[in-house]
Amino acid sequence: MPVIEVKNVKKYYGNVRGVNGLSFSVEKGEIYGFLGPNGAGKTTTVKILVKIIKDYTGEVRVLGKDLGEWGKEYYNKIGVSFEFPAVYSRLTARENLEFFASFYKKHLDPTEVLKMVGLEEKADELVSGFSKGMKKKLDLARALLPDPEILFLDEPLEGLDPASARRIKDLLLEMRKSGKTVFLTTHNMYVADELCDRVAFIVDGSIRLVDNPGELKVKMGKRLVKVEYVANGSVAVKEFPLENIGQNEEFLRVIREHEVRRINTEEPTLEEIFLKVTGRRLV
Ligand SMILES: Nc1ncnc2c1ncn2[C@@H]1O[C@H](COP(=O)(O)OP(=O)(O)OP(=O)(O)O)[C@@H](O)[C@H]1O
């Protein structure tokens, strides 16, 4: 069942295209990655979905209702964390969450949420002394407070050290298991590849391609088998198409007649696919 349905959405800032003819849908319980070059329209899309931008044309339905029909209760159903953390420096981490919690009728326990993002030991420290990564984690904690059905995250792992990033990735995977939906934007292809059930490539304000990262690699790349073997006393390398490898006479000859050192299958990375689809460089 789709929780987000976007049909032919357009938003212009004067003459400047934000998004133009954007259509996609996100299923309940998936981690959906929105990928695209700078200026493609990712932030514009998220701003439309969280009701910051209202003057768009086209149809947007979230959790079964037209976006225009949702009132304040919408913010009990969604959690939003943008690239730049929206937290107060003069309060402690716990005070921040208690403050934001006061806006909700129902919310998770701030101490629990701090534990979820790995900030329990910093709970009573002032945010003014927090690093960029700690603020990012606190902002995610803030987004988690209403126990939202859908989480909108802009570059959720930006600035996190590897251990923190792992913890947040596991948290997002756990949320998915419990039926929550995560909509994230990122420029990090490894993050997208590891976390996302589907990725959408947005170019010039509309979607160019949507698929599962694993499927994409099979479809977009010619999969090759690379064989390293010893010939005349030195190591040689040959590549063969993976398709029907068992019937490939040349491949069979090489592995029968030589000492084989290594056989690898190679597939394109999501980064290579991104560059192919968008025709641009990663920034
Ligand atoms: N407030 C605004 N006023 C005018 N133009 C804007 C405004 N916000 C965005 N734009 C323009 O709309 C286009 C899409 O921008 P958007 O921020 O949605 O892209 P993005 O995909 O999020 O890019 P990035 O990866 O750099 O964050 C860009 O050309 C941008 O300059």
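Preceding this paragraph is the structure being described.
Computed from a predicted model, the values in this text were never measured in an experiment. Numbers given to residues run from 1 along each chain, matching the order in which its sequence is written. A pLDDT threshold of at least 70 governs which residues receive local features in this predicted model, and a stricter bar of 80 or more applies before side-chain atom pairs are shown or counted, although totals over entire chains, interfaces and linings include all residues. Excluding hydrogens and water, the side-chain values take into account all heavy atoms of the structure.

Student: How do you make sense of the packing of aromatic side chains when you look at a structure like this?
Tutor: When the centres of two rings from Phe, Tyr and Trp lie within 6.5 Å, Trp using its six-membered ring, the rings pair. Their planes under 30 degrees apart give stacked, over 60 give edge-to-face, and anything left gives tilted. Applying the stated criterion across every chain yields a total of 15 aromatic pairs. Their ring planes at 40 degrees and their centres at 5.5 Å tell us that Trp 70 and Tyr 74 sit as a pair that is tilted. Pair check on accessibility: Trp 70 and Tyr 74 agree, each one buried. With centroids separated by 5.7 Å and ring planes inclined at 70 degrees, the aromatic side chains of Tyr 74 and Tyr 75 adopt a geometry described as edge-to-face. Each residue gets one of three labels from its accessible area relative to the maximum for its type: buried under 20%, exposed over 50%, partly exposed in between, using a 1.4 Å probe on protein chains only. A residue is classified by how much of its surface remains accessible, and Tyr 75, at 34% relative accessible area, is partly exposed. Ring-pair connections join several aromatic residues into one group, and the members of that group are Phe 24, Tyr 32, Phe 34, Phe 152 and Phe 183.

Student: Can you help me understand the sheet that holds strand 2 (residues 16-27) in this one?
Tutor: The strands that make up a sheet are held in pairs by hydrogen bonds between backbone atoms, and each pair lies either parallel or antiparallel. With antiparallel pairing, four strands are arranged side by side in an open sheet as 2-1-4-5. Two strands close off the open sheet at either side, each with one partner strand: strand 2 and strand 5 (65-66). As paired strands, strand 1 (residues 2-13) and strand 4 (residues 57-62) are joined by five bridges and run antiparallel to one another. In the strand pairing of strand 4, Glu 5 is matched with Arg 61. Its contacts with the sheet place helix 1 (residues 42-49) against strand 1, strand 2 and strand 4, and it is angled at close to 65 degrees to strand 2. Pairing between two strands requires that DSSP report at least two bridges joining them. For the purposes of this entry, the term helix denotes a DSSP run of H or I that reaches at least four residues, the term strand denotes a run of E that reaches at least two, and both are numbered from the N terminus. We call two residues in contact when some of their heavy atoms are within 4.5 Å. Only the stretch in contact is used when fitting a helix axis, every axis being a line fitted to C-alpha atoms; angles between N-to-C directions are given from 0 to 180 degrees.

Student: Can you help me understand the sheet that holds strand 11 (residues 224-231) in this one?
Tutor: Pairing is antiparallel in the open sheet, where three strands are placed in the order 12-11-13. On the outer flanks of this sheet lie strand 12 (234-241) and strand 13 (259-266), each paired with one strand and no other. Strand-to-strand twist in this sheet, taken as the mean axis angle between neighbours without regard to direction, amounts to 20 degrees. Two elements, strand 11 and strand 12, share eight bridges in a ladder whose sense is antiparallel. Within the sheet, the bridge partner assigned to Lys 226 lies in strand 12 and is Glu 239. Contacts from helix 9 (residues 249-257) reach strand 11, strand 12 and strand 13 within the one sheet, and its direction differs from that of strand 12 by about 155 degrees.

Student: What's the story with the pairing of strand 7 (residues 150-154) in this structure? I'm lost.
Tutor: Look at any regular strand and the pattern is simple: side chains alternate between the two faces of the sheet. For strand 7, the tally of buried residues reaches five of five residues, placing the bulk of the element in the interior. Residues of strand 7 alternate between two faces, with Ile 150, Phe 152 and Asp 154 on one and Leu 151 and Leu 153 on the opposite face, all of them buried. Where strand 6 (residues 78-81) and strand 7 come together, four bridges link them in parallel fashion. By the bridge assignment, Val 80 is partnered in strand 7 with Phe 152. Two elements, strand 7 and strand 8 (residues 181-185), share five bridges in a ladder whose sense is parallel. Bridging across to strand 8, Ile 150 finds its partner in Thr 181. In this region the chain leaves strand 7, passes through helix 6 (residues 162-177) and returns to the parallel neighbour strand 8; the handedness of that crossover is right-handed. By convention a crossover is right-handed if, when the strands point away from the viewer, the path from the first strand over the helix to the second runs clockwise.

Student: How should I be thinking about the site of the ligand in this particular structure?
Tutor: Note on definitions. A residue lies near a molecule or strand when any single heavy atom of the residue is within 4 Å of it. Around the ligand, a shell composed of 13 residues is seen, among which Asn 38, Gly 39, Lys 42, Thr 43 and Thr 44 lie nearest. Polar contacts here mean pairs of N or O atoms no more than 3.5 Å apart (in protein, one a potential hydrogen donor and the other a potential acceptor; neighbouring residues in sequence count only if both atoms are side-chain atoms). Measuring from an oxygen atom of the ligand, one finds a side-chain N or O atom of Asn 38 at 2.8 Å. Between His 187 and the ligand, the recorded distance is 3.0 Å, taken from a side-chain N or O atom to an oxygen atom. Only the protein chains shown count as cover for residues, with accessible areas throughout obtained via the Shrake-Rupley method and a probe of 1.4 Å. With the chains in place, 60% of the 640 Å² that the ligand exposes on its own is no longer accessible. Those elements giving two or more residues to the shell around the ligand turn out to be strand 2 and helix 1.

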